[in-house]
Amino acid sequence: MAAAAAIGRVCASGVFRVAWRGFASVPVKGSCCSYSSLAWAFQARCFISAPWTVTVEQCRQSSFFNTLTADELWKGALAETGVGVKKGRGKRRKKKLRKNLNRGQEIGEGRSGFLWPGLNAPLIQSGRVQAVTQRKKEERERIQSEIVQQRDTWEKKRKIKVKREGGWSGKCWGGVILDPPDPGPNGETYEDFETRVIEVKNVFCMNAKEGRKKSIRALVAIGNGKGAAGFAMGKAGDRMNALRKAKNKAIRCLHLIELYQNHTVYHDITVKFKRTTIRMKKQNKGYGLRCHRAIITICKLIGIKDMYAKVSGSKNLINITRALFKGLTQQETHQQLANEKGLYVVEFREEQGPLPIVVALPEGTVREDPEPEDEVPDTKLEWSDVKEAQGMKRSPWVNVRRTAW
């Protein structure tokens with residue numbers, strides 16, 4: 001109504017035409033015209049050219065919402081810079097995240113079903129510039145139903161609370177299974193890989209501008225159960241982004257670990273990383289995994305089914321993970337040992353009794369002289385093994401009565 005009144009005031013005896021893309025051309029007869037009223041009614045600029053032709057161009061700058069860019073508006077709403085960042089120092093408020101407000105919207109699509117060249121239709125087709133057309137009624141109804149169905153699906157996903165599989169204990173994130181990593185740049189998927197969380201921890205960083213800044217650090221391991229496995233860490237402002245970064249990084253850092261008969265390691269391994277030491281022992285089928293819970297989770301991802309492992313020193317989960325992968329990647333297969341020594345590699349098994357079984361042959365010539373033996377074996381003994389060999393597994397003071405003072 002305001003627009004009609006303004007047009008009536010502008011040209012009492014003129015003809016008004018509206019063109020596409022926000023332009024209006026008003027040929028005016030006479031001199032009694034109020035262009036400022038027309039510009040105010042349409043939120044537009046008016047241009048006059050002889051002979052008395054008025055062109056109206058849309059220009060919506062009545063509010064700072066129209067003058068500022070989307071990045072500048074989000075920066076002010078989320079308080080990413082300036083004093084707004086320091087307001088949450090020490091209060092541990094939940095950080096606001098940027099939302100995609102254009103989700104579910106398509107440029108040019110509406111209930112009328114118009115095809116706008118350059119927006120939702122090709123601008124030039126068969127060498128000719130396309131004109132504005134309208135879809136058929138059946139096609140319009142189909143597109144609208146698809147949009148409504150898509151929005152309903154998003155609403156249901158927002159309302160449904162995803163129940164994650166239980167981890168090692170209670171509310172602990174360790175051992176929780178995640179979705180496969182995101183598809184690669186060439187469209188490759190990783191459905192055959194299983195992803196497990198090892199650790200989720202809050203970390204803090206102090207700087208002069210923002211003070212004590214909190215972030216989430218996630219340690220994630222990934223494997224296919226056939227010897228291919230890897231691990232990585234991800235850090236972000238919220239938990240889900242940290243987990244996503246970690247699993248997408250882990251799929252790019254895979255290690256190929258050799259398995260003996262697809263169930264255990266080739267030999268006993270002792271490995272040290274910083275203050276963490278892990279002793280791994282090869283076991284027969286059916287023994288199971290008797291290790292630290294983080295090692296059990298990683299061994300299942302690798303495909304190891306029978307192994308004993310003892311962790312001594314620091315129990316830091318990052319050190320345990322790094323030490324485990326360091327030891328498993330450095331193990332020697334029977335064929336590598338045979339090529340290195342130039343001798344046959346034999347193995348004694350319980351089902352064969354005292355008879356050895358040849359498990360690997362050297363690829364080159366066989367060495368005639370035997371392996372030299374040291375007079376004093378260079379063997380590092382563990383105190384727990386010594387006590388067990390001497391029958392001192394239990395403390396000698398268990399059944400001794402002590403005087404109560």
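This text gives an overview of the structure that appears in the document. In this text, all values refer to a predicted model and were calculated from it rather than measured experimentally.

What counts, and at which threshold
Residues numbered from 1 in each chain as written. Predicted model: local features only at pLDDT ≥ 70, side-chain atom pairs only at ≥ 80, totals over all residues. Heavy atoms only, no water. Patch = residues over 30% accessible without salt bridge, like charges linked within 9 Å, V, L, I, M, F, W, Y side chains within 5 Å. Areas by Shrake-Rupley, 256 points an atom, 1.4 Å probe, with all protein chains shown as cover. Salt bridge = Lys/Arg side-chain N within 4 Å of Asp/Glu carboxyl O. Lys, Arg positive; Asp, Glu negative; His and termini not counted. Charge placed at Lys NZ, Arg CZ, Asp CG, Glu CD. Helix = DSSP H or I, 4+ residues; strand = E, 2+ residues; numbered from the N terminus. Buried < 20%, exposed > 50% of the residue type's maximum accessible area, 1.4 Å probe, protein only. Pairing = 2+ DSSP bridges. Contact = heavy atoms within 4.5 Å. Axes fitted to C-alpha atoms, helices over the stretch in contact; angles between N-to-C directions.

1. Side note on a negative patch on the surface
A contiguous patch of negative charge on the surface is contributed by Glu373, Asp374, Glu375 and Asp378. Topologically, Asp374 is positioned in the loop between strand S19 (356–360) and helix H11 (383–389).

2. Comments concerning unusual backbone geometry
Even without being a glycine, Ser126 presents a positive backbone phi close to 60°. One can find Ser126 in the loop between strand S6 (124–125) and strand S7 (128–129). One non-glycine residue, Lys274, lies in positive phi territory at about 55°. Residue placement: Lys274 occurs in the loop between strand S14 (269–273) and strand S15 (276–282). What makes Lys274 exposed here is its relative accessible area of 61%.

3. Concerning the sheet that holds strand S17 (residues 307–313)
Overall, mixed pairing links the 4 strands, which are arranged S14-S15-S17-S16 in an open sheet. The sheet is open, and its two borders are formed by S14 and strand S16 (289–290), each paired with just one other strand. In this structure, S16 lies alongside S17, joined through 2 bridges in parallel fashion. Within S17, the residue paired with Arg290 across the bridge is Tyr308. Helix-sheet contacts for helix H8 (residues 293–302) involve S15, S16 and S17, and the interaxial angle to S17 is about 140°.

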